[in-house]
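This is what each chain is made of:
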Amino acid sequence: MMQEVAAYVRRRDPRLKLCVAFLLGPSLWVLGLPVVGVCLLCLFGLVLSLAVSQPLGVRMVRSLFFFVLFWVAVKAGLDAVSGLSAAQIATGAADLALRLAALLLLGLFLALSSSARALGLAVSWAVRPLVGREQAWRLALSLSLMIHFLPMCLGAIAQVRQTLSRRCPRCGFFQRMVVIPQAVIRSLGQKTWNQTLAVAGRGLDNPRAWEPAFSWTRHDSVWALLLVLCAAWLCITRIFPSL
């Protein structure tokens, strides 16, 4: 079932996914918590389906939630120092946890559901009428590398944690907090050079490699219509809260 869902999501047009991300991303900070909670559950199910086929997919999702817990703990600590009540601290921590987790899952969904090049082609298609062909492919390449970085970073964190737990099972918490960031930064530094060679070797550093070529299907039209209806409903409820 999860593999079927993942295959269906991957077949959808990258322009549709990119539009969903651009509309939903900023909206997660202004929508009500119930709506954010529903989005979080939907995104979690989709990301989990997409991550199962990845070698370190589940560990990537787990690392993402550890990141959320870290910043929630920082916010709760700062709120406690500022003298807020326990109820206010808990409310603020829950609000940040839901919104930040949903936002990170949205980014991970975008990175796992389409290849970085497909999303770059979608960006090139969208901005070419505005900035021209030469600037469009440069923006597409930049966004592709940025999108590719998110799962790569989470995968590096998961791999470093797994290696450390096997080689140093008695390593303490504070020692882990020193070793893991250093190892991750070193690993990402090496991967950056590998990415540069991959871009040059595959010929992605020229405009011809970023010529858009898409096939819009009936399923994409249905999901696009649902997206428009949801966006219209949210706008109406924001303008007329009594509805």
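Report follows, based on the coordinates.

Cut-offs used in this document
Residues numbered from 1 in each chain as written. Predicted model: local features only at pLDDT ≥ 70, side-chain atom pairs only at ≥ 80, totals over all residues. Heavy atoms only, no water. Salt bridge = Lys/Arg side-chain N within 4 Å of Asp/Glu carboxyl O. Buried < 20%, exposed > 50% of the residue type's maximum accessible area, 1.4 Å probe, protein only. Helix = DSSP H or I, 4+ residues; strand = E, 2+ residues; numbered from the N terminus. Axes fitted to C-alpha atoms, helices over the stretch in contact; angles between N-to-C directions. Parallel < 35°, antiparallel > 145°, perpendicular 65-115°, else oblique. Contact = heavy atoms within 4.5 Å. Nonpolar A, V, L, I, M, F, W, Y, C, P; charged D, E, K, R; others polar. Phe/Tyr/Trp six-rings, centres within 6.5 Å; stacked < 30°, edge-to-face > 60°. Left-handed = near helix turned anticlockwise from the far one by under 90°. Expected span 1.5 Å × (residues − 1). 1 Å grid on protein atoms, 1.4 Å probe; cavity = no way out; pocket = protein on both sides within 12 Å on 5 of 7 lines; lining within 4 Å. Points joined across faces, edges and corners; volume = space filled by probe spheres on them.

**Things to note about the pattern of salt bridges**
On inspection of all chains with the given rule, the structure shows four salt bridges. A salt bridge links Asp13 to Arg15; its shortest N-O distance comes to 2.9 Å. For the pair Asp13 and Arg15, one class covers both residues: buried. Between Arg99 and Asp95 there is a salt bridge, with its nearest N and O atoms 3.1 Å apart. Separated by four residues within a single helix, Arg99 and Asp95 lie in helix H5 (residues 86–113), roughly one turn from each other. Judged by its relative accessible area of 9%, Arg99 is buried. What makes Asp95 partly exposed here is its relative accessible area of 25%.

**Some words on the packing of H5 against helix H7 (residues 133–167)**
Remark: H5 packs on H7, axes separated minimally by 9 Å, with the N-to-C direction vectors making an angle of 105 degrees. Our classification of the angle between H5 and H7 gives roughly perpendicular. On H7, the residues that touch Gly107, Leu108, Leu110, Ala111 and Leu112 of H5 are Ile147, Leu150, Pro151 and Leu154. Across the contact of H5 with H7, the residue classes break down as eight nonpolar, one polar and no charged.

**Here's the deal with the packing of aromatic side chains**
With the rule as written, the count across this model stands at three aromatic pairs. A centroid spacing of 6.3 Å and a plane angle of 70 degrees characterise the contact between Phe67 and Trp71, whose relative ring orientation is edge-to-face. Residue Phe67 and its partner Trp71 are both found in helix H4 (residues 57–81); the two are separated by four residues, about one turn of the helix. Every member of this aromatic cluster is reached through a ring pair, and the members are Phe67, Phe70 and Trp71.

**A look at the packing of H7 against helix H8 (residues 173–201)**
At a minimum axis distance of 9 Å, the contact between H7 and H8 shows a crossing angle of 140 degrees. By the criterion of interaxial angle, the relationship of H7 to H8 is oblique. Between H7 and H8 lies a crossing whose hand is right-handed. The residues of H8 that touch H7, namely those facing Leu141, Leu145, His148, Phe149, Met152, Cys153, Ala156, Ile157, Val160, Arg161, Leu164 and Ser165, are Arg176, Val179, Ile180, Ala183, Val184, Ser187, Leu188, Lys191, Gln195 and Val199.

**As for helix H3 (residues 33–51)**
For H3, built from 19 residues, the straight-helix expectation of 27 Å at 1.5 Å per residue is met to within 8% by its first-to-last C-alpha distance of 26 Å. Listed in full, the buried residues belonging to H3 are Val36, Gly37, Cys39, Leu40, Leu43, Val47, Ser49, Leu50 and Ala51.

**Looking at the layout of surface pockets**
Of the voids in this model, the largest pocket is the one considered here, and its volume is about 990 Å³. For the lining of the largest pocket, the secondary structure elements donating two or more residues are helix H1 (2–11), helix H2 (14–27), H3 and helix H9 (218–239). By residue number, the principal contributor to the lining of the largest pocket is H9, which donates eight residues. Its volume calculated, the second largest pocket comes out at about 710 Å³. Together, 19 residues line the second largest pocket, and Ser63, Phe66, Phe67, Ile157 and Met177 are the ones closest to its centre. When residues of the lining of the second largest pocket are traced back to their parent elements, those giving at least two are H4, H7 and H8. For the lining of the second largest pocket, the residue count by class is 16 nonpolar, one polar and two charged.

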